[in-house]
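# Structural features, examined
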Amino acid sequence: MKNLVEELRWRGMMHDSMPGTEEHLIEKMRSAYVGFDPTADSLHIGNLVPIMLLAHLQRSGHRPVALVGGATGMIGDPSGKSSERNLLDEETLRHNQECVKSQLSQFLDFKSGKENDAVLVNNYDWMKEISFLDFIRDVGKHITVNYMMAKDSVKNRISGEGTEGMSFTEFTYQLVQGYDFYHLYEEMQCTLQMGGSDQWGNITTGTELVRRKAGGKAYALTCPLITKSDGSKFGKSEGGNIWLDAKRTSPYKFYQYWLNTSDEDAEKYIKIFTFLDKAEIDSIIAEHKEAPHQRALQKRLAKEVTITVHNEEEYENAVTASEVLFGKSTADDFRKLNESTFLDVFDGVPQAEVSMGDIDTGLDMIGALAAKTGFLNSNGEARRALKENSVSVNKEKVKEDYTITEKDLINGKYVILNKGKKNTYIIRVV
């Protein structure tokens, strides 16, 4: 058995664990679980840390159990929340569960046939048959209100400023999650729950329930909550969450998020979000410190995470797209991009529409720069730019006598104009 705790410790992924956890994991193969919120049809990069916990668990020879909280998703975890969330119907939760499993399959092996194959479970499957009276009799009597009130997730919601308090529904959340641990302990010999440090209270309620109701011993392990060195929230961009689903966050934007991390964050993230070993990471860090401007850390981090979440082809496409915008590129490079990536690359760049008729007859450069698009203030300014040899069509320098035709169209509808190095414009043909 590989020592999981030791692995997590050097990666900066250990926050707390119950006494005896490390020894328990070294003895033999164990089953451990992490819960995932199924309230969206995609996970986001905020979920990557618990996913990596399960992945390292499996690579250490143990069996990972990914629990999709169909039942708890109908309630809503109060931890770290200041208000109650919207509740979802069963059909939506089932759809989300399948989407989550597909994404987890990029990290976990569900079908190798080995003893430690990953397992996906949904707590709605066992909770839906339990009546309210059965639950409060068989579960509620084992945990005191005093014990539940002492949890930070409860105290913060009840005493926090500007809070509306906590509903009974949310108050029972830790009991339901605790019962999950008890159920998995009984049915799958699951003896460990892992999660973020904000989950400690919920997890230890489960270990307490296993002790009181089953007379057994269960363990807890948590990882730190990820922060950014500048104080801003990890996993967020100006457009909101960075999702694992390519339809929600394109592979190009996903790649750019990691590429744009600070040196300090990249050194931390490459240990947490990749499977590279310590020797290789140390080597990359040393290389980066010798020439920080080359951004070796960020490039390798972005590569590893993008390939794992998406695939190598999407990574190569993202690199090409980055070169298109920030490096030396040709018209052929542009044509390698699909339309969605092309639009991502040039998001926010000024655009103007011209008709296909203009392209069929040939669009002259004065029209392309000024008369038909308004990119430049006047035809005179367009002529001066062309005489100064500062105008490019699809990164190729052109003179005033150049005519834009169908052969210049990228994805059948776009033309890129540059005036100098800093001014980029997009013509969209309609």
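Criteria and thresholds
Residues numbered from 1 in each chain as written. Predicted model: local features only at pLDDT ≥ 70, side-chain atom pairs only at ≥ 80, totals over all residues. Heavy atoms only, no water. Pairing = 2+ DSSP bridges. Helix = DSSP H or I, 4+ residues; strand = E, 2+ residues; numbered from the N terminus. Axes fitted to C-alpha atoms, helices over the stretch in contact; angles between N-to-C directions. Parallel < 35°, antiparallel > 145°, perpendicular 65-115°, else oblique. Contact = heavy atoms within 4.5 Å. Nonpolar A, V, L, I, M, F, W, Y, C, P; charged D, E, K, R; others polar. UniProt positions renumbered as here; feature names shortened; annotations may be inferred. Buried < 20%, exposed > 50% of the residue type's maximum accessible area, 1.4 Å probe, protein only. Disulfide = S-S within 2.5 Å. Phe/Tyr/Trp six-rings, centres within 6.5 Å; stacked < 30°, edge-to-face > 60°. Lys NZ or Arg CZ within 6 Å of the ring centre and 35° of its normal.

### Structural notes on the sheet that holds strand 14 (residues 414–419)
Hydrogen bonds along the backbone pair up the strands of a sheet, which may run parallel or antiparallel. Taken together, 5 strands build an open sheet; the order of strands is 9-15-14-11-12 and the sheet is mixed. If you trace the sheet from one side to the other, it starts and ends with strand 9 (351–354) and strand 12 (396–397), each paired once.

### Quick notes on the packing of helix 14 (residues 278–290) against helix 15 (residues 296–309)
Contact pair helix 14 / helix 15: the axes reach a minimum separation of 8 Å and the direction vectors enclose 140°. Here helix 14 is positioned oblique relative to helix 15, judged by the angle of their axes. Facing helix 14, whose interface residues are Glu280, Ile284, Ile285, Glu287 and His288, helix 15 presents Ala296, Leu297, Gln298 and Arg300. For the contact of helix 14 with helix 15, the residue count by class is 4 nonpolar, 2 polar and 3 charged.

### Some thoughts on the UniProt feature "binding site: L-tyrosine" (unreviewed entry) in the chain
When the UniProt feature table is mapped onto this chain numbering, "binding site: L-tyrosine" (unreviewed entry) sits at Tyr33, Tyr173 and Gln177. Position of tyrosine 33 relative to the elements: it lies in strand 2 (residues 31–36). For tyrosine 33, a relative accessible area of 1% translates into the label buried. Here tyrosine 33 is in contact with Leu54, Val65, Leu67, Gln177, Asp180, Phe181, Leu184, Cys190, Leu192, Gln193 and Met194, once residues within four sequence places are set aside. On the secondary structure map, glutamine 177 appears in helix 10 (residues 173–188).

### A short note on the state of the cysteines
Disulfide: a covalent bond formed between the sulfur atoms of two cysteine residues. If you walk through the whole model with that rule in mind, you get 0 disulfides. Cysteine 223 takes part in no disulfide bond, and the closest cysteine sulfur to it belongs to cysteine 190, at a distance of 16 Å. Judged by its relative accessible area of 2%, cysteine 223 is buried.

### A few points about the packing of aromatic side chains
A complete count under the given rule lists 16 aromatic pairs for this structure. One aromatic cluster is present, formed by Phe234, Phe254, Tyr257, Trp258, Tyr269 and Phe273 through successive ring pairs. Taking the ring centre of tyrosine 147 as reference, the NZ or CZ of arginine 212 above it sits at 5.9 Å. Directly above the ring of tyrosine 219 sits lysine 217, whose terminal nitrogen or CZ lies 5.3 Å from the centroid.

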